[in-house]
Structures are given as structure tokens and as C-alpha cells.
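# Overview (structure and organization)
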Amino acid sequence: MNELVTAVITTYKREPEILRRAVESVVNQTWRPLELYVINDCPEDIVLSDRIRSMLLDVQQNHADLSIQYVPLEHNSGACVARNKGLELAKGEFISFLDDDDTWEPEKISEQIGGFTSKKIGMVYSPFYNIDFKGKKELIVRGDKSGVLLDDLLYRNVIGGTSMPMMRTSAMRDIGGFDPDMLSSQDYDTWVRMAEKYEIQFVGKPLTVRYLTGESITTNLKKKESGWLRFTEKYLHYYKNNRKAFECRLSLMIKELIALKDDSFVKEVLEDYRDFFGFSVWKAYLIAIVKRGLKVIVKRNV
């Protein structure tokens, strides 16, 4: 197997020094042939755009064995549009997307491409590492199954973020790429649509590093709310027949949003979808409220 692979990095207001870390993790891949598109979703910042272009030219000088192409969008359009632009331009049989503050291990592509043992397989995924503010490295294994993963994905995102898997380019185009109307959970939605049509393969080696920065954990609640609702409505026909999956996903949402003090939205969801869940969700709600209260008490006593 010696197929061309396309890597796509989408960037938005990221300092070139951090972006360079992501770019170098791509060009230092053990796999060739390889092409890289860097899609700039903040072309309005001319100074930053020039700095990015200069950095990419510098990296390209030391890596003549692959193509690095800089693609500024016409205007800020969002991550999904930027990723879809990369998908449109891709010449590789396989494609991987990388967020501009994450990195890949050198063997990421070579390990995952070996998972495409059948035309039925549209995506290959792997565990990954989280690195927190203090540099602590933690192994994250969201899932470890292969095959038809639609039911598993209805419970929770067992794949991880956009930086983690590799996809067959034709499969990504077949499912329509990323949904620009999803203001959050864009990756999760894409994986579900992939699982509706294709098998998914697991490769057990951790191959991506996700850096937990202050920016990456800052939550825009309105976008999160919108994404949760759109996802739910898109797949409600599945959840009508899989109450346990809905309860699991709803409980995870409650835990996260209660911690972020988004009580009003949680109450609206509990009211609107009360026919889809039972006691386990109410239990999760009460536990989340109690845990948040305990944290407040602890902070006051420190």
C-alpha cells in the first residue's frame, strides 16, 4: 500500500509558533507520499496571514518530499467550512484532519492506514494523549471496538475529536463532509454519519496528542446548546428506539452543563424530552447539582 494521503490543518487566530508545532508533526510523518493543506479561517488578519505564510515557506524548504499548500478562505466561515475546503482539494485516497493546537505521533498515518483492510471500512481511529496545563500526559481510550459502531456512537463519542481518526476520502465525500450548521459536536455528528454507511476500524496505539489549553476548554454555551439540540433532532429516530442510549448521552450533557452553570437550558431539555428518559437521568441531574454545590462550599472554605 503506497497511496497518497492528504492531511488538512485548519487554523483560526492561532499563533504561528503553535501552528508550526502541528505542521511539523505532519511533515515528520514516516508515511510518504503525503500532501498538506493549511486552511486559514481568519484571512481578515493580514499580518497573521503573512506570518503563517512565511512559517510554512520555512518548513517547506526542509521538506521537499511533500507539498505544503496554504489556502486562505475568502472570509471567516467556521471550522466545518474550512475542513470541507480541505476535503474538496484533497487528492489523497485517505484524509486526516488536524486541529492547529494538536499534534500527531510520527507513525500516526502509517499505523492507521494499515487499518483499511476492506473497502467497507470508512474510518480508522485510535486512542490519544491529553496534555494538561502542567504538562501531565494522560492516555485516553474512548472506545476499542471495530465494525458497525452506530449503536456505540449513539451513546457517546467513542472516536474522539477531529484530530484522532483517518478517513477514506471517498467515504467523507459520500457522507457530505462536515455539517456547517452544527455549531458544536461537528466531529461527533460526522462520525455518526460515517457509521451509518461504513464500518470503522480500531488501531490500539495512541497516535495523537491533544493539548488542553485555556482556549480549548472555554465553552461557548450557546453554541454547545445549539449543537446538542441539532444533533438530537437529526438522530431522534434512532433514540426513539434506543432509550438507554439517549439516557446515557443526556446524562453526560447534564453533567457538563450543570458544572458550567447552564441550569436553564438543562431544565428546558428535561421538560422537552421527558418522554425519552427515566429515573437514571433525574439521578444524574441531582448528582450534578450536589457536586457543584460541594465544590462551591470547598472553595469558600479554602
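Residues numbered from 1 in each chain as written. Predicted model: local features only at pLDDT ≥ 70, side-chain atom pairs only at ≥ 80, totals over all residues. Heavy atoms only, no water.

### Regarding the overall build of the protein
The condition is simple: In this text, helices come from DSSP runs of H or I with a minimum length of four residues, and strands from runs of E with a minimum of two, each type numbered from the N-terminal end. Atoms counted for the radius of gyration: C-alpha only. Globule rule: 2.2 Å times the number of residues to the power 0.38. The cut-offs for exposure are 20% and 50% of the maximum accessible area for each residue type, with area from a 1.4 Å probe on protein chains only; residues under the lower value are buried, those over the upper are exposed, and the others partly exposed. Contact definition: two residues touch when any of their heavy atoms are within 4.5 Å. Note on areas: Shrake-Rupley with a 1.4 Å probe; residue coverage comes only from the protein chains shown. The positive count covers Lys and Arg only, the negative count covers Asp and Glu only, and His and the chain ends enter neither. Here the site of a charge means atom NZ of a Lys, CZ of an Arg, CG of an Asp or CD of a Glu.
A tally of helices and strands in the protein yields 13 helices and eleven strands. In summary, the protein has a C-alpha radius of gyration of 20 Å against a globular reference of 19 Å for 302 residues, a match within 12%. Dimensions of the protein, computed from C-alpha atoms along their principal axes, come out at roughly 60 × 50 × 35 Å. Looking at the protein as a whole, 52% of its 302 residues are labelled buried. Across the protein, the fraction of contacts at a sequence separation of at least 24, relative to all contacts at a separation of at least 6, is 78%. On the protein, roughly 14700 Å² of surface is accessible, and the fraction owed to carbon and sulfur atoms is 52%. Charged side chains in the protein number 44 positive and 44 negative. The centres of these two groups are separated by 5 Å.

### So, the packing of helix α11 (residues 243-259) against helix α12 (residues 263-272)
Quick reminder of the rule: What counts as an axis is a line fitted to C-alpha atoms, over the stretch in contact for a helix, and the angles between N-to-C directions run from 0 to 180 degrees. Should an angle fall under 35 degrees it is called roughly parallel, over 145 degrees roughly antiparallel, and 65 to 115 degrees roughly perpendicular, with every other angle called oblique. Note on convention: near helix rotated counterclockwise from far helix by under a right angle means a left-handed crossing. Clockwise means right-handed.
Two elements in contact, α11 and α12, have axes whose closest approach is 9 Å; the angle formed by their N-to-C orientations is 160°. Considering the angle they form, α11 stands roughly antiparallel to α12. With respect to the hand of their crossing, α11 and α12 are arranged in left-handed fashion. For the pair α11 and α12, contact is made by Leu250, Met253, Ile254, Leu257 and Ile258 and by Asp263, Phe265, Val266, Val269 and Leu270, respectively.

Fair warning: the whole summary comes from geometry, so function is off the table for now.
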